[in-house]
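Listed here are the chains, written in short residue letters.
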Protein chains: 2
Amino acid sequence: MAQRKPRASGEENVVCEIKRTFASKRSGSLRVGIGDDAALWQANRGMETILTCDWFLEGTHFLRDKQPPDAVGWKSLARAASDIAAMGGKPKCFLLSLALPANCTGQWLRSFLRGLSRASRALGCQLAGGDTTRRNEILINTTVVGEVSAGRAVLRSGAQAGDLLYVSGTLGEAELGLRELRRYRGMAKASSNSFIRKHLYPEPRFALGQWLAKNRLATAMMDLSDGLSSDLPRLCSESGVGARVKASSLSRVARDDAKNATELALNGGDDYELLFAVHPKNANKIGTRFRGLPLTHIGEITREQKVLVEQDGRMRPLIPAGWDPFR
Amino acid sequence: MAQRKPRASGEENVVCEIKRTFASKRSGSLRVGIGDDAALWQANRGMETILTCDWFLEGTHFLRDKQPPDAVGWKSLARAASDIAAMGGKPKCFLLSLALPANCTGQWLRSFLRGLSRASRALGCQLAGGDTTRRNEILINTTVVGEVSAGRAVLRSGAQAGDLLYVSGTLGEAELGLRELRRYRGMAKASSNSFIRKHLYPEPRFALGQWLAKNRLATAMMDLSDGLSSDLPRLCSESGVGARVKASSLSRVARDDAKNATELALNGGDDYELLFAVHPKNANKIGTRFRGLPLTHIGEITREQKVLVEQDGRMRPLIPAGWDPFR
C-alpha cells in the first residue's frame, strides 16, 4: 500500500513560506508563535497591553501594480504599529491575516515577506500568528500588540481647554508621494524620490510617542493617518473639547515648495506623524525638534466644541476632507 | 460665518453604529475600548494572553444572499474564539475589522451587529476596537484575545506516542448544514433545521477546553475547523508524531443517519469541535460525555510519523481532503 507522505497543500505552502521567513525569531514574552491554534504572550510586569488592527487592501490602501511587494510588506506592519506609537507604547508582536490570489503565492509572497520581515526587525515586533486564505485580490489585516507602563498610555481623550497643539514632522509628503505614484507607469522604485519613499515606507514615531508618554508631557495624542482635518476633530470629540488651528503654522508644517501647502497639511493622509496636546506649563519642554524630528505648535485646544482654522485674523470651520473610504 | 458642526462622515456613521450597539459594555481588564487609536487591556495576574485572528470573507467563508446578517455576526466571532477554546483558554475581548459595501451600512450592519453582540455576551468577550473601511464585498477579520493560567495552555505540540485521540461532539453536521444552505433559495432561517443551525451558529467548546487544560488531561489539542483529515496531520506534525484512526469510530462520530458517515467525519469542515490527545493513565477520567457533549475515542498517537486510517483490519494513509482555500 502506498505510504508516501501526502504533498503539502496550497495553504500549507503559504504558511511554510511565512514560517521560513520568520524562523527562529521568537523570543522574550512570546512563548508560542505560529503553528498552533493561537499565540501565547505574556506582558512584562507593570505593563498594560495595547491592541490595534488595520486593514491594508489592494485597490483601497495600495496599488498592486505600482507598489513593490516589499513596500506592501513594510507598510502593512508599519501603519498598523503607528497606533501603538500614538498611545506612547512599544510594539511587541503582530498577527498577519493574508488573503492572496494563487498567482501571488510565489515571487510576490517572498518579496512581501522580506519587506514585512525588515519592518518586524526595525520595529522590534515579532510575528506571533495569523490566518491565510485565497482570494482574487490581495487582502491584508494586521493586528499589533504593544505595551506601555500601566497608567502611562496617552489617550485621545485627555486634552483640555488651553492645551497647546503640536504635530511632528512634515505633513503632506506621503500625499505628494501618492500623487507621483499614480502618474508612474509600472512599479515604483523606493529610490525614485523622498515623497514616494515616505508613501511606501512610513516610519511611525515610536521614540517621540514613548518620550511624551514616559514624561507625561502629552495630555492627548493620536497618529495622523487620514489627514489633520479628519483626525483632529476625532481627538477633540473624544476629549469633549474644540480646537483653533493657525493656518500660518500649517503652511510651515507642509512642504515649503508645495503649492497649496495649507490644504496639503490639512487633508493629506498616510503621514503617520503624531498630533498631540500639551499643558501650557510643559510647553517649554517640547522645543522645536525631537532628535532631529521637527515639532510644530499649530494651535490651541478650546472649551467651545468647534474645530476652527484661523486665517488672516478670521475663523472658518475645519471641514474634514482627509481620507474617508465611505465618502 | 457658518459655524454648524460638519456632518458625520460615512466612516464615522459606521463607527457610531458599532459604538451604539456595544455601548457601556466595557469593564474589567479592558481599560480603553473603541474610540481611541488602540485598546488598552491588562491580563489578570498569573495569566498568559492568547492571541488569534480569523478571516471571514463573503463568498469564501459565507454567502451574503443565504446567511442572515445576524448569523454572519455570530459566526465571525464564534469561529475566531474557537481557537481560544482549543488552547484551553477563556475569550476576553476582540477587535473587529469590517469592510462593507455602501449598501450594507444600514439594515445589514444593524442586524450583523445584533448577532455579533449576542455572541459577545454569550462568550463573555467584549468589543475592544477595530477598523472599518468600504469595499465592494463584505470582508471581516476578527482578532480574539483570551487568557489562560500561565503554563496551562494546551498546545498542538504535546502529543506523545501511545496517547489516546478523542473528538468532542458530532462531526459533519455543519457540512450537512452547508449543503442544505446551498440548495436554499434566498435567506436561510436558523429555525429550519439543526444542521443549518450548527452551520450558522457554531458554539465553540470552551467549557470542555478549559476543563481539559485546568486538570492537565490533554497533552495536545486543537479545534476542528477545516475537517479532521486536514487538521489531525497538523497536530501530528507539530508534535512530531503520527496517528492511527479507527474508521469504525468515525462512523460513530458522524451522524448515524448520514450516508458516507466516515467520509463526512473526516472531511466535513466548520464543526469547531475539539480534537485532543490524552495520556493512557488519564483515559479513565475522560469518559464518553462531558456535560452532555459526546466524547469519542477515535484512535491513538504513534511514533511513526504517518497518519493512517484503519478499516477492516487494513491501514490506508489519511489524505487531507478538508477545507483548503488554495486547493
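The rules behind the values
- Residues numbered from 1 in each chain as written.
- Chains lettered and ligands numbered in written order.
- Predicted model: local features only at pLDDT ≥ 70, side-chain atom pairs only at ≥ 80, totals over all residues.
- pLDDT = per-residue confidence, 0-100.
- Contact = placed C-beta atoms within 7 Å.
- Pairing = 2+ DSSP bridges.
- Helix = DSSP H or I, 4+ residues; strand = E, 2+ residues; numbered from the N terminus.
- Nonpolar A, V, L, I, M, F, W, Y, C, P; charged D, E, K, R; others polar.

(A) Seen up close, the confidence of the model for chain A. Residue and element names in this part refer to chain A. With 94% of its residues at a pLDDT of at least 70, chain A reaches an overall mean of 91. Within the model, the stretch residues 1–7 combines pLDDT values under 50 with 7 contacts to residues more than four positions away or in other chains. In the predicted assembly, ipTM is 0.93 and pTM is 0.93.

(B) Summary view of the pairing of strand 13 (residues 307–311) of chain B. All names here are of chain B. Taken together, the 4 bridges between strand 9 (residues 242–246) and strand 13 define a ladder with parallel strand orientation. Note that in strand 13 the partner of Ala 243 across the bridge is Val 307. As paired strands, strand 13 and strand 14 (residues 314–317) are joined by 4 bridges and run antiparallel to one another. Looking at strand 14, one finds that Leu 308 is bridged to Pro 317. The loop that links strand 13 with its antiparallel partner strand 14 comprises 2 residues; one of these, Asp 312, has a positive phi angle of about 50 degrees.

(C) Here's a closer look at the interface of chain A and chain B. At the junction of the two partners, chain A supplies 64 residues and chain B supplies 65 residues. Broken down by element, the side of chain A that touches chain B gets its largest block of residues, 9 residues, from strand 3 (residues 47–57) of chain A. Its residues placed into classes, the side of chain A that touches chain B shows 33 nonpolar, 14 polar and 17 charged. Looking at chain direction, strand 2 (residues 39–41) of chain A and strand 3 (residues 47–57) of chain B are connected through 3 bridges and run antiparallel. Across the sheet, the residue bridging to Leu 40 of chain A is Ile 50 of chain B, located in strand 3 of chain B.

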